[in-house]
Amino acid sequence: MGSVGELVPFMNNFPHADIYELITPNLLHQIIKGAFKDHLVDWVEKYLCHVHGDACANEILDDIDHQITVVPPFPGLCHFPQGHHFKQWTGDGSKALMKVYLPAIKGHIPQEIVQTFHSFLEFCYMVWWNVITENNLAALDDMLMQFYEHHEIFKTTGVVVTFSLPQQHSMKHYRQLIQLFSVPNGLCSSITESKHVKAMLLVNQWLDKLAASHADFKSRGMLEGTCLSTVLEALDQSTNDIWGECEDIDGPRVEAHLNIPHLSELVQLFLCEQLFPDAPDPTNIPHLECPGYTGKISIYNSVSSTLYAPSDLSGIGGMCHEYIHATPAWRQEGPHYDCVFIITDPELDSMCGMDVAHTLCFFSFKAHGKQFSCAGFNHVGDAPDETTGMWMVCPSFAHSQFPNYAVIHIDSIFCMAHLIPIYGQEFVSSQIKAHHCYDAFHGFYVNKFADHHAFKIAY
C-alpha cells in the first residue's frame, strides 16, 4: 500500500499517537477468513498436492469432505452436504468449518500440521472469551509461540516461501490490544460489513418494528425489572416446561419399546439412589427394601436446557436455550440421539467433574409420591489427546461385552456435548451418514470447538 503526497494523514497533528494502537482486532478478516481459511486451509490442500500428487490429493480431499458431511448435528453447527469446497466463502461458512475441520484432517497430514491447527484454534477461541485474565493472556502467548513453531512445516516442505502475512502478523498485537481496549468478545468487521449486504431500507424497516415492539413491551410491563430478575423468573418457569411432546407407555412394554436391556433393574437402582441418598452403596440395600416400579411412564423425544453462555449468541444476561433430542426419527433422515455432559462431581472444574453420555430416551414417572424426570443413556469414558487438544471418549461396556446403560436424574445433565468420530487413516465409507456415526465408530473426540461454551467446559 503506497501513499499520496497531497493527502495529509489524520494523525498528522497527533505526534504522540500510535496508529498501530488504534487498529482494533478484526476476528473475521484477520483470524477466521484470513489466517484460517485463506492461509491454513489452502496450505493443507497445497501440501497434499505437493506430497501425494494431484490425483491422490483429490482422493484425500474427497475423503476429508465426506468426513465433514457425516459429523453429527449440533445446535448452531453448519451442515456441509457437499463438503467445504465452496465457490464463494462467507464469514459464517469459515466459522462453521473451524468447528469440524481438525478431526477430519488428522489422519491425512503430519502431526506438526495438526498441532498448528490445534494451537491456532486455541488462540482463536480464547480471544473470543467474554472475560480474559492475566493467566489467559499468558496462555495466549504460549499458543501463539506454538503456532509459529509448528507452522514452519509449511515452509520446510516448500508449500509457502514466506510467512510475511498481515493477517498472521496481527495476532502478535492481540495481547496488547486486549490490555488497552478490553476483550473483543466476538467483535469483528462483519458487524459493520452487514450494512452494505442488505439495503438500508430493510434496516429502517427493522428499526421501525423495533420501536413499535418497544412501545408494545412497555405497555405490557415487560421492560420492568432487571435482567437478573427476568432470567431467574424464566428459569423457574422452565423447570415446568422443559419437556416436548410425550407418549405414555405401560410398564411391561417399556423395555421392548426403548430397546434398553434390563431397564426395570436400572430404574430400580435409580430409585434406590434417589430414595436412599445416604446409602454408601445402593446395590447393598436389602432386596425387600429396594423399591421397584412397573407402572406407566411418559416418554419424551426432547427436553430443553437453559444455561449461561455469554461468549456465544445468547439472550438476556447471557442465557442460552438449547434442545436435547432423543428421537428414533428426525427429519426423515434417521434417528437423532444427542450426547450430553453429566455432572459427576460439582466440586471439580470442567471435564474433571463431568462424564459424557449418549442419551437414548427421556422419560418421567411417579413413584412413592414423587415425580421423577429421568434420562436413559450409554456411558462413555474419557481421556485427553495432546495432539488435537480434544478429549477422546469411547463407549463404556459392563463386563467387557455389554453396553454400560444407566438411568439418571435429568438435573444431573449440564448441557449438550458434541462428539466427532476419530476417523483414523482409512477412508470413510460413502454409505455412512451422520446418524450412523455413534454406531459405526468406536472412538470420538469431544468437540471443544463446537461453540465457545463447549470450549470452556473441555478446555
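Fair warning: this is a prediction, and the values are worked out from it, not measured in the lab. (Residues numbered from 1 in each chain as written. Predicted model: local features only at pLDDT ≥ 70, side-chain atom pairs only at ≥ 80, totals over all residues. Heavy atoms only, no water.)

A. The overall build of the protein, seen in detail. On a plain count of helices and strands, the protein comes out with 15 helices and 16 strands. Residues classed as buried in the protein amount to 44% of the 459 residues present. Carbon and sulfur atoms provide 55% of the accessible area of the protein, an area that totals close to 25200 Å². (Helix = DSSP H or I, 4+ residues; strand = E, 2+ residues; numbered from the N terminus. Buried < 20%, exposed > 50% of the residue type's maximum accessible area, 1.4 Å probe, protein only. Areas by Shrake-Rupley, 256 points an atom, 1.4 Å probe, with all protein chains shown as cover.)

B. Region of the structure containing the nonpolar core. Formed by 98 residues in total, the largest nonpolar core has its most connected members in Tyr 101 and Phe 120. At 11 residues, the largest contribution of residues to this core is made by helix H1 (residues 27-52). Not counting the four nearest positions on each side in its chain, Phe 120 is found in contact with Ile 31, Ala 35, Phe 36, Leu 40, Phe 147 and Met 171. Residues Ile 260, Leu 271, Ala 367 and Val 407 belong to the second largest nonpolar core, which totals 13 residues. (Core = buried A, V, L, I, M, F, W, Y, C linked by side-chain atoms within 4.5 Å. Contact = heavy atoms within 4.5 Å.)

C. Inspection of the sheet that holds strand S3 (residues 302-308) at higher detail. The strand order across the open sheet formed by 3 strands is S3-S4-S5, and the pairing between neighbours is antiparallel. Each end of this open sheet is capped by a strand with a single partner; those strands are S3 and strand S5 (336-337). (Pairing = 2+ DSSP bridges.)

D. Quick peek at empty space enclosed by the protein. Scanning all chains against the criterion turns up 1 cavity of 30 Å³ or more. Put simply, the largest cavity is a space of about 40 Å³. In terms of lining residues, the largest cavity is bounded by Phe 123, Leu 140, Asp 141, Leu 144, Met 171, Lys 172 and Arg 175. Per element, the largest residue contribution to the lining of the largest cavity is 3 residues, and it comes from helix H5 (residues 134-150). Split into classes, the residues belonging to the lining of the largest cavity amount to 4 nonpolar, no polar and 3 charged. (1 Å grid on protein atoms, 1.4 Å probe; cavity = no way out; pocket = protein on both sides within 12 Å on 5 of 7 lines; lining within 4 Å. Points joined across faces, edges and corners; volume = space filled by probe spheres on them. Nonpolar A, V, L, I, M, F, W, Y, C, P; charged D, E, K, R; others polar.)

E. Structural context of the packing of aromatic side chains. Applying the stated rule across the entire model yields 17 aromatic pairs. On the numbers, 5.6 Å between centres and 50° between planes, the contact of Phe 147 with Tyr 148 is tilted. Looking at Tyr 148, the relative accessible area reads 23%, which means it is partly exposed. On the numbers, 5.5 Å between centres and 90° between planes, the contact of Tyr 423 with Phe 441 is edge-to-face. (Phe/Tyr/Trp six-rings, centres within 6.5 Å; stacked < 30°, edge-to-face > 60°.)

F. Quick look at H1. Of all the bends found along H1, the most pronounced is centred on Gly 34 and spans about 45°. After H1 finishes, the residue Gly 53 shows a positive phi value of roughly 90°. (Bend = angle between axes of the 7 residues up to and from the residue.)

G. Summary view of helix H4 (residues 111-127). Compared with an ideal rise of 1.5 Å per residue, which puts 17 residues at 24 Å, H4 spans 25 Å between its outermost C-alpha atoms and is within 8% of the ideal. Of all 17 residues that make up H4, 15 are buried, and the element is covered over most of its length. (Expected span 1.5 Å × (residues − 1).)

H. Up close: the pattern of salt bridges. Tallying each qualifying case throughout the model produces 5 salt bridges. For Asp 42, the salt bridge identified is with Lys 37, shortest N-O distance 3.4 Å. Overall, Asp 42 belongs to the partly exposed group, its relative accessible area being 25%. We classify Lys 37 as buried; its relative accessible area is 10%. Across the pair Arg 220 and Asp 216 runs a salt bridge whose closest N-O atoms are separated by 3.0 Å. You can call Arg 220 exposed: its relative accessible area is 59%. Residue class for Asp 216 comes out partly exposed when judged on its relative accessible area of 32%. (Salt bridge = Lys/Arg side-chain N within 4 Å of Asp/Glu carboxyl O.)

I. Region of interest: the pairing of strand S2 (residues 297-300). On S2, burial covers both faces: Ile 297 and Ile 299 on one face and Ser 298 and Tyr 300 on the other are all buried. Direction of pairing for S2 relative to strand S7 (residues 354-367): antiparallel, over a ladder of 3 bridges. If you follow Ile 299 over to S7, its bridge partner there is Phe 363.

J. The arrangement of the pairing of strand S6 (residues 339-343) in detail. Buried residues dominate S6, accounting for 4 of its 5 residues. Bridging between S6 and S7 involves 5 bridges; their strand directions are antiparallel. What sits directly across from Ile 343, in S7, is Met 354. Pairing analysis gives 4 bridges linking S6 to strand S14 (residues 413-417), with the strands arranged antiparallel.

K. Structural view of the environment of Pro 25. Here Pro 25 is to be found in the segment before H1. For the pair Pro 25 and Val 183, spaced 158 residues apart in sequence, the C-alpha to C-alpha distance is 9.3 Å.

L. Here's a closer look at the side chain of His 108. Following the sequence through the fold, His 108 ends up in the loop between helix H3 (91-105) and H4. Engagement of the side chain of His 108 in a polar contact is seen with the side chain of Asp 63, the distance being 2.8 Å. Leaving out residues up to four positions away in the same chain, His 108 has contacts with Leu 48, Ile 60, Asp 63, Ile 64, Gln 67, Gln 425 and Phe 427. (Polar contact = N/O pair within 3.5 Å; in protein donor to acceptor, adjacent residues only side chain to side chain.)

M. How the structure looks around the side chain of Gln 115. For Gln 115, the position within the fold is in helix H4. Given a relative accessible area of 18%, Gln 115 falls into the buried group.

N. Molecular detail of the packing of H5 against helix H8 (residues 174-181). The geometry of H5 relative to H8 is characterised by a closest axis approach of 10 Å and an angle of 160° between their N-to-C directions. With respect to H8, the axis of H5 lies roughly antiparallel. Here H5 and H8 pass one another in a crossing that is right-handed. Contact residues: H5 offers Glu 134, Leu 137, Ala 138, Leu 140 and Asp 141, while H8 offers Arg 175, Ile 178 and Gln 179. (Axes fitted to C-alpha atoms, helices over the stretch in contact; angles between N-to-C directions. Parallel < 35°, antiparallel > 145°, perpendicular 65-115°, else oblique. Left-handed = near helix turned anticlockwise from the far one by under 90°.)

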